[in-house]
Amino acid sequence: MEIYRAYYMSKIGMLEILGNEDGISAINFVNGKLQPTKASEIHPSLIDCIDQLQRYFEGSLKEFNVKLNIAGTEFQKKVWNELMKIPYGKTVSYLYIAKSIGNEKAVRAVGGANNKNKIPIIIPCHRVIGNNGKLIGYAGGLGIKEWLLKHEGALKHNY
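Because the structure is a prediction, the values reported are computed rather than measured. (Residues numbered from 1 in each chain as written. Predicted model: local features only at pLDDT ≥ 70, side-chain atom pairs only at ≥ 80, totals over all residues. Heavy atoms only, no water.)

1. Concerning empty space enclosed by the protein
With a probe scaled to a water molecule rolled over the atoms, the places where space remains empty come into view.
For step 1, the next point in the chain: Throughout the structure, instances matching the rule amount to one cavity of 30 Å³ or more.
For step 2, the next point in the chain: A volume near 40 Å³ is recorded for the largest cavity.
For step 3, the next point in the chain: Ser25, Asn69, Ile70, Ala71, Trp80, Asn117, Lys118, Ile119 and Ile123 together form the lining of the largest cavity. (1 Å grid on protein atoms, 1.4 Å probe; cavity = no way out; pocket = protein on both sides within 12 Å on 5 of 7 lines; lining within 4 Å. Points joined across faces, edges and corners; volume = space filled by probe spheres on them.)

Structure below.
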């Protein structure tokens, strides 16, 4: 099945959304001089995702219900499903996720699964922080992770 793409200019920069009728398969942080996709050119299977992202960045959406087409190992999917249970405005540690999936020794593996998450923001890997409360790793960079957590009220606003 064909994969469609659209570009959406968010408050954290350009996002590339990939998906089809089976669901959203990736959201990528894009650097460069790309233009947002014109509304008339967005494939219908991506419209709901872009609408929900826009409402999230405006502050009116706290929980996504976009259809997802997640590709990964069973372990990764288990971790990602746990991530989707983290409430808006809250953070948890990698250890918390490891315990939640029944294997507190899998902290590094949880970090690896977070790293492989192809649908950031919607699968909120940005809500996972170090056991000591420090921000650790994020595909879009720690500045974007910090912005997302401040946007959700999980960190103090300094902007």
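Okay, back to it.
2. Digging into the packing of aromatic side chains
For step 1, the next point in the chain: Within the structure shown, the criterion is met by six aromatic pairs.
For step 2, the next point in the chain: Ring centres of tyrosine 56 and phenylalanine 64 lie 5.4 Å apart, and the angle between their planes is 35°; on these two criteria the pair is classed as tilted. Across the pair, exposure class does not vary: tyrosine 56 and phenylalanine 64 are buried alike. (Phe/Tyr/Trp six-rings, centres within 6.5 Å; stacked < 30°, edge-to-face > 60°. Buried < 20%, exposed > 50% of the residue type's maximum accessible area, 1.4 Å probe, protein only.)

3. Digging into the UniProt feature "domain: Methylguanine DNA methyltransferase ribonuclease-like" (unreviewed entry) in the chain
For step 1, the next point in the chain: According to UniProt, the positions carrying the feature "domain: Methylguanine DNA methyltransferase ribonuclease-like" (unreviewed entry) are residues 3–70.
For step 2, the next point in the chain: Taken end to end, residues 3–70 has its terminal C-alpha atoms 13 Å apart, with 22% of it in helix and 34% in strand. (UniProt positions renumbered as here; feature names shortened; annotations may be inferred. Helix = DSSP H or I, 4+ residues; strand = E, 2+ residues; numbered from the N terminus.)

4. Some words on the packing of helix 2 (residues 74–83) against helix 4 (residues 107–115)
What describes two packed helices is the angle between their axes and the distance between those same axes.
For step 1, the next point in the chain: It is at 9 Å that the axes of helix 2 and helix 4 come closest, and there the two elements cross at 80°. With respect to helix 4, the element helix 2 is oriented roughly perpendicular. When helix 2 is examined against helix 4, the residues Phe75, Gln76, Val79, Trp80 and Leu83 are found in contact with a partner set consisting of Ala109, Val110, Ala113 and Asn114.
For step 2, the next point in the chain: In the contact of helix 2 with helix 4, the residues fall into seven nonpolar, two polar and no charged. (Axes fitted to C-alpha atoms, helices over the stretch in contact; angles between N-to-C directions. Parallel < 35°, antiparallel > 145°, perpendicular 65-115°, else oblique. Contact = heavy atoms within 4.5 Å. Nonpolar A, V, L, I, M, F, W, Y, C, P; charged D, E, K, R; others polar.)

5. Details of the nonpolar core
For step 1, the next point in the chain: With 39 residues, the main nonpolar core has Ile17, Ile27, Leu53, Phe57, Leu83, Ile121 and Leu148 as its most contacted residues.
For step 2, the next point in the chain: Within the residue set of this core, elements represented by two or more residues are strand 1 (4–10), strand 2 (13–20), strand 3 (23–30), helix 1 (44–58), helix 2, helix 3 (94–100), helix 4 and helix 5 (142–151).
For step 3, the next point in the chain: Among the elements that take part in this core, helix 1 stands out by supplying six residues, more than any other.
For step 4, the next point in the chain: Both domain 1 (4–58) and domain 2 (74–152) contribute no fewer than three residues apiece to this core.
For step 5, the next point in the chain: Setting aside its immediate chain neighbours within four residues, isoleucine 121 contacts Ile12, Leu15, Phe29, Leu53, Tyr56, Phe57, Phe64, His126, Tyr138 and Leu148. (Core = buried A, V, L, I, M, F, W, Y, C linked by side-chain atoms within 4.5 Å. Domains from an automatic or database assignment.)

6. Notes on the sheet that holds strand 1
For step 1, the next point in the chain: On the basis of which strands lie adjacent, the open sheet formed by three strands has the order 1-2-3 and antiparallel pairing. Since the sheet does not close on itself, it has two edges, and those belong to strand 1 and strand 3, each with one partner. Ignoring strand direction, the axes of neighbouring strands in this sheet form an average angle of 25°. (Pairing = 2+ DSSP bridges.)

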